[in-house]
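Report on the structure
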Amino acid sequence: MSAAAAHGVALAQPSDLREELDRGTGWAVVKGFTVSGPLEEVSRRFEHFSHQFGPVSRHGQSGTTIWKITPRQDIEHLPTFSETASEAPLHTDNSWAPHPEKYMALLVVRPADKGGDSIVFSVDEALETFGRSLVGRRAICLMRQLNYPFATPDVFETNMSKRAVTIAPIIDPSRGFRFRYDVIQAGFELLPRLATAEALWAVEVFNHFLNSWVERKANKIHLETGDILISNNHRALHARTPFTDCSRLLLRARMA
Ligand SMILES: [Fe+2]
């Protein structure tokens, strides 16, 4: 594998990657991972690569460690971002878990011919910009103080008769930042007592800020075959632009 790169800076050592993830912008791109050969073999090598950042978690009821991200037609549940070709707005991964994993890695096996680009932003940068306004500062306070409900999407639920909801602040110094708008909205439906006027207002203005900020600032990254996008899931938000090419295939690992 060739040297890694984060925002154009060559990174030769895993320790440099850690530095970028934990104290820099929170994300990096590693280039040149070999994706030829049987997919099982590629998955095995990708899991080995990912393991250097921590134990690789299993994905919900499937129990799989390496998750295929590709549009699926053969599902009966409401699809989550990794199963569709639609836009995925800015979010952190596994926000519904009691302790979302610290790191997330995406390996591109086949990029979409057009679209399917990644957008990644530092949480610190987003909150610093949001907090420049009175409205932003008020919403940040509420997102620190209030408990929000994060509902597990269907595909990751192990007991559908009792859909799990994790209750946590959006900005939590001990468990990290977490955000996914649709997951919080589903949580409000399941636990309406948490849908107070203040909680609803803060999440709406923050979500509106993120969407408009992406429109203005979006730094789209078109990942190529063999690229690995790694992010610190407690320090960076990521998004994906829509695409139509159903052969697009990425592999994902999450590391605790
Ligand atoms: Fe994601």
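The text that follows walks through the structure, step by step, so that each part is easy to find. In this text the structure is predicted, and so the values were computed from the model without any measurement.

1. Quick look at the nonpolar core
- Of all hydrophobic cores here, the largest spans 32 residues; its most connected members are Met 143, Tyr 148, Ile 170, Phe 179 and Phe 206.
- Among the secondary structure elements, those contributing two or more residues to this core are strand S7 (118–122), helix H3 (123–130), helix H4 (134–145), strand S8 (148–151), helix H5 (181–190), helix H6 (197–217) and strand S12 (236–240).
- When residues in this core are grouped by element, the largest group, nine residues, is from H6.
- Leave out the neighbours within four places in its chain, and Met 143 touches Phe 130, Tyr 148, Pro 169, Ile 170, Ile 171, Ala 202 and Phe 206.

2. Thoughts on the pattern of salt bridges
- With the rule as written, the count across this model stands at 13 salt bridges.
- Here Glu 224 and Lys 31 are joined by a salt bridge, their closest N and O atoms 3.8 Å apart. Separated by 193 residues along the polypeptide, Glu 224 in the loop between strand S10 (220–221) and strand S11 (228–232) and Lys 31 in the loop between strand S3 (27–30) and helix H2 (39–50) bring together distant segments of the chain.
- For Lys 31, a relative accessible area of 31% gives the class partly exposed.
- Asp 172 serves as the salt-bridge partner of Arg 175, at 3.4 Å between the closest nitrogen and oxygen.
- Among the ionic contacts, a cluster of salt bridges with common partners joins Lys 31, Glu 224 and Asp 227.

3. Focus on empty space enclosed by the protein
- Tallied over the entire structure, the rule returns two cavities of 30 Å³ or more.
- Its volume calculated, the second largest cavity comes out at about 50 Å³.
- Taken together, Val 108, Pro 111, Ala 112, Gly 115, Gly 116, Ser 118, His 222, Leu 223, Arg 248 and Leu 250 make up the lining of the second largest cavity.
- Residues belonging to the lining of the second largest cavity are distributed by class as follows: five nonpolar, four polar and one charged.

4. Observations regarding the sheet that holds S10
- Taken in spatial order, the four strands make up an open sheet running S5-S12-S7-S10, and their pairing is antiparallel. Lying at the two open borders of the sheet, with one neighbouring strand each, are strand S5 (88–91) and S10.
- By the bridge criterion, two bridges tie S5 to S12 in an arrangement that is antiparallel. Pairing of His 91 across the sheet is with His 238, part of S12.
- Along the sheet, H3 contacts S7 and S12; its crossing angle with S7, the most-contacted strand, is approximately 70°.

5. Details of H4
- Its twelve residues place the ends of H4 17 Å apart at the C-alpha level, agreeing with the 16 Å of an ideal helix rising 1.5 Å per residue.
- Of all the residues in H4, the buried ones are Gly 136, Ala 139, Ile 140, Leu 142 and Met 143. Burial along H4 is one-sided: seen end-on, the buried residues are contained in an arc of 165°. Relative to its buried face, H4 has exposed residues pointing more than 90 degrees away, namely Leu 134 and Gln 145.
- The inward-facing, buried residues of H4 abut H3, S8 and H6.

6. Some points on the packing of aromatic side chains
- Taken as a whole and assessed by the stated rule, the structure comprises twelve aromatic pairs.
- Seen in terms of ring centroids, Phe 130 and Phe 206 are 5.2 Å apart; in terms of plane orientation they differ by 55°. Their pairing is tilted. Here Phe 206 lies in helix H6 and Phe 130 lies in helix H3, a separation of 76 residues in the sequence. There is no split in this pair, since Phe 130 and Phe 206 are both buried.
- Following the ring pairs from residue to residue traces out a cluster consisting of Phe 121, Phe 130, Phe 177, Phe 179, Phe 206, Phe 209 and Trp 213.
- Note that Arg 178 overlies the ring of Phe 150, its terminal NZ or CZ placed 5.4 Å from the centroid.
- Lying across the ring of Phe 243, Arg 248 places its NZ or CZ 4.7 Å from the centre.

7. Description of the environment of Tyr 148
- Within the element layout of this structure, Tyr 148 appears in strand S8.
- Taking the C-alpha atoms as reference points, Tyr 148 and Phe 188, separated by 40 residues in sequence, lie 8.0 Å from one another.
- A distance of 2.8 Å separates a polar atom in the side chain of Tyr 148 from the backbone oxygen of Ala 199.

Rules and cut-offs
- Residues numbered from 1 in each chain as written.
- Predicted model: local features only at pLDDT ≥ 70, side-chain atom pairs only at ≥ 80, totals over all residues.
- Heavy atoms only, no water.
- Core = buried A, V, L, I, M, F, W, Y, C linked by side-chain atoms within 4.5 Å.
- Buried < 20%, exposed > 50% of the residue type's maximum accessible area, 1.4 Å probe, protein only.
- Helix = DSSP H or I, 4+ residues; strand = E, 2+ residues; numbered from the N terminus.
- Contact = heavy atoms within 4.5 Å.
- Salt bridge = Lys/Arg side-chain N within 4 Å of Asp/Glu carboxyl O.
- 1 Å grid on protein atoms, 1.4 Å probe; cavity = no way out; pocket = protein on both sides within 12 Å on 5 of 7 lines; lining within 4 Å.
- Points joined across faces, edges and corners; volume = space filled by probe spheres on them.
- Nonpolar A, V, L, I, M, F, W, Y, C, P; charged D, E, K, R; others polar.
- Pairing = 2+ DSSP bridges.
- Axes fitted to C-alpha atoms, helices over the stretch in contact; angles between N-to-C directions.
- Expected span 1.5 Å × (residues − 1).
- Arc of directions from axis to C-beta.
- Phe/Tyr/Trp six-rings, centres within 6.5 Å; stacked < 30°, edge-to-face > 60°.
- Lys NZ or Arg CZ within 6 Å of the ring centre and 35° of its normal.
- Polar contact = N/O pair within 3.5 Å; in protein donor to acceptor, adjacent residues only side chain to side chain.

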